[in-house]
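Residues per chain are reported as follows:
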Amino acid sequence: MPDVQDLLEPRGIELTATHKTLGRTPAHALVLGVEKGREGDGSGRVLLPAGEQRRLAPVVDAAAALRVKGSADEVTVVPAPSGLPFIVVVLTGVGLLPEDAAERAEALRRAAGSAVRRLAGTDSAVLALPVDSEQDAAAVAEGAALGAFAFAHQRAATAGSVQAPLASAVVHAPGVARAALSRCLDRAAALGRGVRAARTLVDLSPNVMYPEAVADYARQAVKGTKVTVTVLAEKELAEGGYGGLLGVGQGSVHGPRLVKLEYAPARATKHYAYVGKGITFDSGGLSLKPPASMMTMKSDMAGAAAVLAAVLTAAELGLPVRVTGWLCLAENLPSSTATRPGDVITIRGGRTVEVLNTDAEGRLVLADGLVAACEEGPDAVVDIATLTGAQMVALGARTFGVMGDETLRTAVAEAARGAGEDGWPMPLPEHLRPSLDSKVADLKNIGDRNGGMLVAGIFLREFVGGDDGARVPWAHVDIAGPSFNEGSPYGYTPAEGTGAGVRTLVRLLEDAVAERG
C-alpha cells in the first residue's frame, strides 16, 4: 500500500487570503469570473474587482474577442496585461450568478474548482472572483481545495504524466473581515483534506484496498487526532453475531472487518452515528455481475470512505458533537465458500434474512452496522452507501437520494444543499414493504424491482431501533451515481472517485451545532 501519510494528504493546496490590491499580490495566475451574458448576445461579462477596470481593460477586450460565454466549466486562459504581477489571467465561467445565497456559493465553488484544475502544474494563483460575503469567500476557498487533486499513487513509468495540483491559492476578499476569512480558510482546508482522502481511498485498486487494508489505514489515520478506533475481525464478528458482514465476506480470502471510529469531545450534547457501506470490491458474488459492470466496483466502498473522512474532519474542526462512524467492510466474491442464493443469514440482533440475490449485499453489511450503531442510542443515525443502480435510474449520476424519517431526511437534504452537494428527498412507500416478505425467514434481501432504491431503503429501516424499543431517528443516503465519475472532470469534481457525501455529513453536524445555539 502507498505511504499512509501521502494518502491522508494527497497533494494538498496551501490556502491564504488577502485584502491587498491585485498589483501587490504576485502569482503565476490571476483568476477572474465571467458571468454568462443575460442578453443572449453570446458573450459574457468579466467580473472585475473594484478599482481594477483600467488595468484589466485588455482582459475584457480579449474575452470579447474570444467570445468567452461565461458558462459553467468554461475556462479560458489569456496573457496578463503588463504592469500586473501575473503571467496569465484565467477566465472561469460562473454561469448566471443566482440571487439565492447557497446557489451563488455553489456557482463560485464550481468556478474556482474549474480554474484550479486548469492550473495543475503551476505554483500559485490569486482567485479574484466576486466575493461579497463570508459565504462567498468560503465557497471560493472550498472550490480551490476540492479542485486541487490528482491521483498518481499507482503509476510508475507514467507518473510524470500526471501534473501536480496547483500548490497555493490566495483568495482575494477585500470586503470580508480577517477573522471570518481565517475561519473560512481553516474549514476549507479541513474539508479539502477529507474529500481528497475519500477520493483516494476509492481510486486505489481493490487488490490494495481490501477490508483489512482499509482497517489498517483507519488505525493510522486517527493517530494524533481525538478519534479512537476499534476493529472487529472474523472472530469478533462471529462472537457478536454479525451475520451480514460474515455472509457477504465469506467468499473472499480477505475477511470482513467492522471498524468503529469515535470522536467524543467533552462538551458534546448530541451524538450522531454514521454507517458506511464498505464493499471494497463487488463481483456480485455467486449472482455474478456482467464483466463490464465490475470494472468500477472498487468504488463500492465510497460510503465507508465518506464516513471515515467525515469523522476525521469533524475532529479536525473541533465540532462539539459526538460522532461515531461504522465502516462495514467486506469483499464480495464467488467461491466454494461464498453465500448461495437461498441461504438464510442472521443479522446482529437476531433477525434472519433469506439471501436471494448475492449482488444485493450492501444492505446486509449495513444492517449489521445499523443495529450496532442503534444499540448505543444516538440522537440520529445516517447510513451512506453506493447501494442501488436504481438510484441512477431515478436521479441520474450527480444527485443522491435521501430517504428515512421525514425530519432527519429533510435535515440531510438541507445539509447537502448548504454544502453544495445535490441530495433529493425520496419516499419509502409502505406498499413496497410486503415485497420483502420471505416464506422461510424474517425477510428477504430483494423485493419489488420497480422502485429498487426505495425497496433497499425499506429493507434497511427494518434494522433501525434501540435496545429499549424506541426508534432512533434515521436517514439513508444512496450515492451510487454521485460517488464515482465515469466521465470527464467538471468543476471541482475529478474523474473516478468524487468524495461524495463527505461535505454533507460534516454540514449536518455543523447544522446540529447551530441549532443547539
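What counts as what
- Residues numbered from 1 in each chain as written.
- Predicted model: local features only at pLDDT ≥ 70, side-chain atom pairs only at ≥ 80, totals over all residues.
- Heavy atoms only, no water.
- Phe/Tyr/Trp six-rings, centres within 6.5 Å; stacked < 30°, edge-to-face > 60°.
- Lys NZ or Arg CZ within 6 Å of the ring centre and 35° of its normal.
- Core = buried A, V, L, I, M, F, W, Y, C linked by side-chain atoms within 4.5 Å.
- Buried < 20%, exposed > 50% of the residue type's maximum accessible area, 1.4 Å probe, protein only.
- Helix = DSSP H or I, 4+ residues; strand = E, 2+ residues; numbered from the N terminus.
- Contact = heavy atoms within 4.5 Å.
- Expected span 1.5 Å × (residues − 1).
- Axes fitted to C-alpha atoms, helices over the stretch in contact; angles between N-to-C directions.
- Parallel < 35°, antiparallel > 145°, perpendicular 65-115°, else oblique.
- Left-handed = near helix turned anticlockwise from the far one by under 90°.
- Nonpolar A, V, L, I, M, F, W, Y, C, P; charged D, E, K, R; others polar.
- Polar contact = N/O pair within 3.5 Å; in protein donor to acceptor, adjacent residues only side chain to side chain.

### Points about the packing of aromatic side chains
For step 1, the next point in the chain: In this structure the tally under the stated criterion is 1 aromatic pair.
For step 2, the next point in the chain: With 5.2 Å between their ring centres and 50 degrees between their planes, Phe459 and Phe463 make a pair best called tilted.
For step 3, the next point in the chain: Over the aromatic face of Phe149 sits the side chain of Arg199, whose NZ or CZ is 5.3 Å from the ring centroid.
For step 4, the next point in the chain: The lysine or arginine in question, Arg398, covers the ring of Tyr490, its NZ or CZ lying 3.5 Å from the ring centre.

### Digging into the nonpolar core
For step 1, the next point in the chain: Membership of the largest hydrophobic core comes to 61 residues, with the highest contact counts inside it found for Leu261, Tyr274 and Val382.
For step 2, the next point in the chain: Among the elements that line this core, the one with the most residues is helix α10 (residues 302-317), at 12 residues.
For step 3, the next point in the chain: For Leu261, the contacting residues outside a window of four places in its chain are Ala218, Val222, Val227, Thr228, Val229, Leu308, Val311, Val323, Thr324, Gly325 and Leu327.
For step 4, the next point in the chain: Ranked by size, the runner-up nonpolar core spans 45 residues in total, among them Leu237, Trp326, Leu370 and Ala385.

### Details of helix α13 (residues 406-419)
For step 1, the next point in the chain: When the terminal C-alpha atoms of α13 are compared, their 20 Å separation across 14 residues agrees well with the 20 Å that a helix rising 1.5 Å per residue should span.
For step 2, the next point in the chain: Turning to α13, its buried residues number three or more, namely Leu408, Arg409, Val412, Ala413, Ala415, Ala416, Gly418 and Ala419.
For step 3, the next point in the chain: Summarising the contacts, the buried residues of α13 are in contact with α3 (101-118), β14 (380-385), β15 (400-404), β16 (423-425), β18 (474-478) and α15 (502-516).
For step 4, the next point in the chain: Residue Gly420 follows α13 closely and has a positive phi angle near 90 degrees.

### What to know about unusual backbone geometry
For step 1, the next point in the chain: Its identity is not glycine, yet Arg67 carries a phi of approximately 55 degrees, on the positive side.
For step 2, the next point in the chain: Within the secondary structure layout, Arg67 lies in the loop between α2 (57-65) and β4 (75-79).
For step 3, the next point in the chain: Judged by its relative accessible area of 45%, Arg67 falls in the partly exposed class.
For step 4, the next point in the chain: The phi angle at Asp73 is positive, at roughly 75 degrees, despite the residue not being glycine.
For step 5, the next point in the chain: Residue Asp73 is classed as partly exposed on the basis of its relative accessible area of 27%.

### Observations regarding the packing of α10 against α15
For step 1, the next point in the chain: Following both chains from N to C, one finds α10 and α15 inclined at 40 degrees, their axes separated by 8 Å at the closest point. Judged on the interaxial angle alone, α15 and α10 are oblique. Crossing handedness for the pair α10 and α15: right-handed. Contacts between α10 and α15 involve Ala306, Val307, Ala309, Ala310, Thr313, Ala314 and Leu317 from the first element and Val502, Leu505, Val506, Leu509 and Glu510 from the second.
For step 2, the next point in the chain: Across the contact of α10 with α15, the residue classes break down as 10 nonpolar, 1 polar and 1 charged.

### Focus: the side chain of Thr386
For step 1, the next point in the chain: In this fold, Thr386 is placed in the loop between β14 and α12 (389-395).
For step 2, the next point in the chain: Thr386 gets classed as buried once you look at its relative accessible area, which sits at 8%.

### Details of the side chain of Ser435
For step 1, the next point in the chain: Within the fold, Ser435 resides in the loop between β16 and β17 (443-444).
For step 2, the next point in the chain: A distance of 3.0 Å separates a polar side-chain atom of Ser435 from the backbone nitrogen of Asp448.

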